[in-house]
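# Report on the structure
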Amino acid sequence: MNHDKLAQNIGMLRHFINNSLGLNPDVHEITGFHLNEPLLDAAAHNSYIETISNKADTLYLRSKEALCEMTTYSYLDYIRRISRKFRWKEKDVTLAFDYTDEDFYGEVQGLDIHGWKKSSTISGKFKFLTCSIVSDDIPEKIPLISVPIRMGHYKSHVINHCISLIKPYIGKIELILFDRGFYDKDLMYELIQLDYPYLIFVPKHKDKREVLYPMEEGDKFTVIWDYELNKDKTKYRYESCLTFMKQIYDKRTDANYDWVFATNVEDIELDTIIKTYKKRWRIETRYRVQDEATIRCKSKEMKIRYFLFAYQQMLQTQWVCFFKNEVSFKRFVIEMHETCKKLVANPGKRYEQTQKL
């Protein structure tokens, strides 16, 4: 691996830490230069910061004093840089939204921890909403933005906010893919008003079974469905297409399935709609990769959890964009840690933190 390129990416991580936590080398004794090495160490060994470093208290204190938005915009600053490098602004994109979560063990308090009753040990979850590129012709399939999710949030508001933040760095949005957890009248209405094309997998308990039952195996058709939304003491009526597909064969599982999709794309191809939707699964593969660099944490503070989550995404984004064809993600994180440790031991060889990509 090219160690100059590794050092450059380490500099970007330090820059991300400083911007996320409001650290200035001219003011603060401990900055991203000092915090990056223990963070990489924890990521490489899937460990706790406090287990391997004496800087955990400083990191947690700075995280609590900062705002979650500082982490969001720090990550977006990196996306801005690489979007210029790969010219995403010139390309049409397919996006996918999904929730991911982190387990919490302990007493659930506040609105940041979502209660969890499906386990005798896990009592809650910290949740994050992520929007990723999943386009076929863009090899850099990375998270463009992730935001923390509190209990009682409005899907439509958070999703529209995320899109507004990433739009300056991408081209035309061809399609936005959602799983069944996003089948929401308010979300569909807002996406239609903003002219964003969507494809949502409809959950079983809402998939209009009265339409599916009379169909024959292999049948496919689309109908215009009328919706009514009660919002802000007003009733709104709108239309969306529902595509019904009865007992379609899936080669991967060697089984037949019913599929129902909601979309505002009237001319969507029925023969390729399932293949198009399955692009969304790439985001789930990315989560499994990111788990290989998990920085463990016991804190109840969302600011800390979100910063660590975004740092892990920074690592994955760097790997996907610049190192994926050379080494595995785990090997990349280990190499980053080893290189960072050498740079810290030899301060005279520091690299500029804001080198251009």
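Overview of the structure. Just so you know, these numbers come straight off a predicted model, no measurement behind them.

Let us look at the pairing of strand E9 (residues 255-263). Two strands pair when backbone bridges link them, and strand E6 (residues 198-201) and E9 are joined in this way by three bridges, in the antiparallel orientation. Paired with Phe201 across the strands is Phe261, a residue of E9. Note: strand E8 (residues 234-250) against E9, eight bridges, orientation antiparallel. Its bridge partner being in E9, Thr243 is matched across the sheet by Phe261. Count of turn residues in the E8/E9 antiparallel hairpin: four residues, of which Asp254 carries a positive phi of about 55°.

Okay, the packing of aromatic side chains next. This model, assessed by the stated rule, comprises 24 aromatic pairs. Seen from their ring centres, Phe178 and Phe182 are 5.3 Å apart, and the 45° between their planes marks the pair as tilted. Ring plane angle 40° and centroid distance 6.4 Å describe the contact between Phe307 and Tyr311, whose orientation is recorded as tilted. Pair noted here: Phe307 and Tyr311 are both in helix H11 (residues 302-322), with a separation of four residues, about one helical turn. By relative accessible area, Phe307 is classed as buried at 1%. Residue Tyr311 is classed as buried on the basis of its relative accessible area of 0%. Pairwise contacts between aromatic rings join Phe97, Tyr99, Phe178 and Phe182 into one cluster. Across from the ring centre of Tyr48, 5.2 Å away, lies the NZ or CZ of Lys298, which sits over that ring.

Gaps left between atoms are located by rolling a probe of water-molecule size over the structure's atoms. Here the structure, examined in full by the defined rule, presents one cavity of 30 Å³ or more. Mapped by element, the contributors of at least two residues to the lining of the largest cavity are helix H5 (68-86) and H11. Along the lines of polarity and charge, the residues of the lining of the largest cavity split into four nonpolar, three polar and one charged.

Rules used in this analysis
Residues numbered from 1 in each chain as written. Predicted model: local features only at pLDDT ≥ 70, side-chain atom pairs only at ≥ 80, totals over all residues. Heavy atoms only, no water. Pairing = 2+ DSSP bridges. Helix = DSSP H or I, 4+ residues; strand = E, 2+ residues; numbered from the N terminus. Phe/Tyr/Trp six-rings, centres within 6.5 Å; stacked < 30°, edge-to-face > 60°. Buried < 20%, exposed > 50% of the residue type's maximum accessible area, 1.4 Å probe, protein only. Lys NZ or Arg CZ within 6 Å of the ring centre and 35° of its normal. 1 Å grid on protein atoms, 1.4 Å probe; cavity = no way out; pocket = protein on both sides within 12 Å on 5 of 7 lines; lining within 4 Å. Points joined across faces, edges and corners; volume = space filled by probe spheres on them. Nonpolar A, V, L, I, M, F, W, Y, C, P; charged D, E, K, R; others polar.

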